[in-house]
Amino acid sequence: MMENARVTSDPKGEYQELVDEISELLGAPATLENRDFELIAFGAYDSEGELDASALDPVRARSILTRRSTSAVRTWFEGFGIARATAPVRIPPTPEAGVYRGRVCLPVRHRGVVLGYVWLLADDPGPTDRQLSAAMEVTPRIGALLADEAQAGADLSRELRAVLTAESGWQRDMALAELHTELGARGEGLHTMVCVAPWPSSDPDDAPSVRTIPSATAVCALPWGPTAQSLALLVRLRSPEVLTPATTAAARLLERAEGVRGSARPQSSTAEHGPAGAHQQTGGVQGRGPTQPPNPNPGQGQAQGRDTGSEQQPGRAGEAEAARAAEGTAEGTAEGTAEGTRGAGRTAGGPGAAGRTAEGAAGAGRAGGQTPEPYGPRPGRVVAGIAVPHSGLADLGTAWQEASAAARAALAEPRLGPVAHWSSIGPYRLLTTLPPTASHDPAVRPLLAPAHRELAHTAEVFLDCAGQAGRTAAELGIHRQTLYYRLSRVEQLTGLDLDDGEDRLLLHMGLKARRL
């Protein structure tokens, strides 16, 4: 559920009191999680003497230390029917899954909707039915708190979205006033915006609650392109020099995005989540445990699967490689035959450096040369952008523009991501303000054809290296003569003079803008 921090009061103390009350009724420490398995409060263990490690298991320890559980763990326990249960559900221990101790789950509902779970580590025989009944009488009060907090969070999401999407003028002024009223004193001081894009789900309920993100104030979903969504997060800062709260929040959201993508991906194995369709028992009836343990690092296997799936098919890969080899041979041959008639009037450092001879045919080897990447954002990547600090709420629109620009730059240039700061994206600070057609310059357009991808990459690296041939050749892993030949081909295709500063600027900006 998308939840923002409650604004009327701080519910943390109330949650803790209720969890402590349940812990006392059951005679054992309990934990409270929302329905997304994000930790809200937990009862204290007896600190008399040294803590027995057997009192915990890996699943419980991770929940307390990271304040959330993995999607695999969530799916595992939901397989016991806890999301539909109206009474305590007993879950047996399953050591191979890291669940060394049995559990009792008390579903927390409000108006028939499950909003969270109270968990108790309990081996047989566990608490009595009378104790569990007394504990269940406390859960409606927790459900009411969660519902109130969700409503307050929905209000904040709506107001933040209104501020970030309103037109300049009275509409934005009204939206800012409403947001300031909702935030109260927390609307003062330093803030920054974080943009996570593209968010891998169009369902707002897949966004994490702000409670689990330190220093976060509000979150909302905003359109990203024609069909995608992004997340906008308002983060409080203590110092303009320390952006750690924002980078921590960005990392947390990227991790959550990976979990959302993993849960949406079809599962072909029971190794992560156990048998599909099993454990549908409710009402406190103890069911069978899953037969396979959850994968403690599900994202790793999924990431590998995506990498494999995104590669070219063998036939197409072979064709592409053959085309590149043929192009290299053609370049080397053309250079070797053309250099005898080419003039030598340029300076040694220029693209048409003097002294080029038939030895340019060595360029056909391309030993160590880089394979250029396609222009434009890579599909499937999720990145985060962070704005510079701003005081108060008046500049939230500017902060969002900075954060979304940094995210666009990170999608365009993988070296900037996965978390990019607006202050560090260089020319993209300007390029992201230009219309999409800015890269469609008629001089640059021929170079952007797929057949000339390597020439475009060579030109971009050459310009990134400030026109220094030695650095460029080393960066590309090619001979200087090959570099000179490629740059001459760039000039032929574009009609630009790479010895002219303005022509260089036009080509450089056109190539960079194309990445967006």
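Our subject is the structure listed above.
Everything quoted here is computed from the prediction, not taken from an experiment.

What counts, and where the lines are drawn
- Residues numbered from 1 in each chain as written.
- Predicted model: local features only at pLDDT ≥ 70, side-chain atom pairs only at ≥ 80, totals over all residues.
- Heavy atoms only, no water.
- Core = buried A, V, L, I, M, F, W, Y, C linked by side-chain atoms within 4.5 Å.
- Buried < 20%, exposed > 50% of the residue type's maximum accessible area, 1.4 Å probe, protein only.
- Helix = DSSP H or I, 4+ residues; strand = E, 2+ residues; numbered from the N terminus.
- Contact = heavy atoms within 4.5 Å.
- Pairing = 2+ DSSP bridges.
- Axes fitted to C-alpha atoms, helices over the stretch in contact; angles between N-to-C directions.

Chemist: For the nonpolar core, give the residues involved together with the corresponding values.
Modeler: Judged by nonpolar contacts, the single largest core of 38 residues is most densely connected at L164, L179, M193, L396, W400 and I425. Every element with two or more residues in this core is listed here: α5 (139-165), α6 (170-183), β6 (190-199), β7 (216-224), β8 (228-237), α10 (396-412) and α11 (428-431). Tallying contributions element by element places α10 first for this core, with eleven residues. For M193, the residues in contact, after removing those within four places along its chain, are L164, A232, L233, L234, G385, I386, A387, L396, A399, W400 and A403.

Chemist: Mind laying out the sheet that holds strand β3 (residues 89-91), listing which residues take part and the relevant values?
Modeler: Pairing within the open sheet is antiparallel, and its five strands lie in the order β2-β1-β5-β4-β3. Each edge of the open sheet is held by one strand with a lone partner, namely β2 (39-42) and β3. If you compare each strand with its neighbour and ignore which way they point, the axes differ by 25 degrees on average. The pairing of strand β1 (residues 30-34) with strand β5 (residues 113-121) spans five bridges and is classified as antiparallel. Looking across to β5, one finds that A30 is bridged to L120. Where helix α4 (residues 129-136) meets the sheet, its contacts fall on β3 and β4 (103-110), and the angle it forms with β4 comes to roughly 30 degrees.

Chemist: Account for the environment of A228, with residues named and values stated.
Modeler: Mapped onto the elements of the fold, A228 is located in strand β8. Judged by relative accessible area, which is 25%, A228 ranks as partly exposed. Residues in contact with A228, not counting those within four places in the same chain, are P198, L222 and P223.

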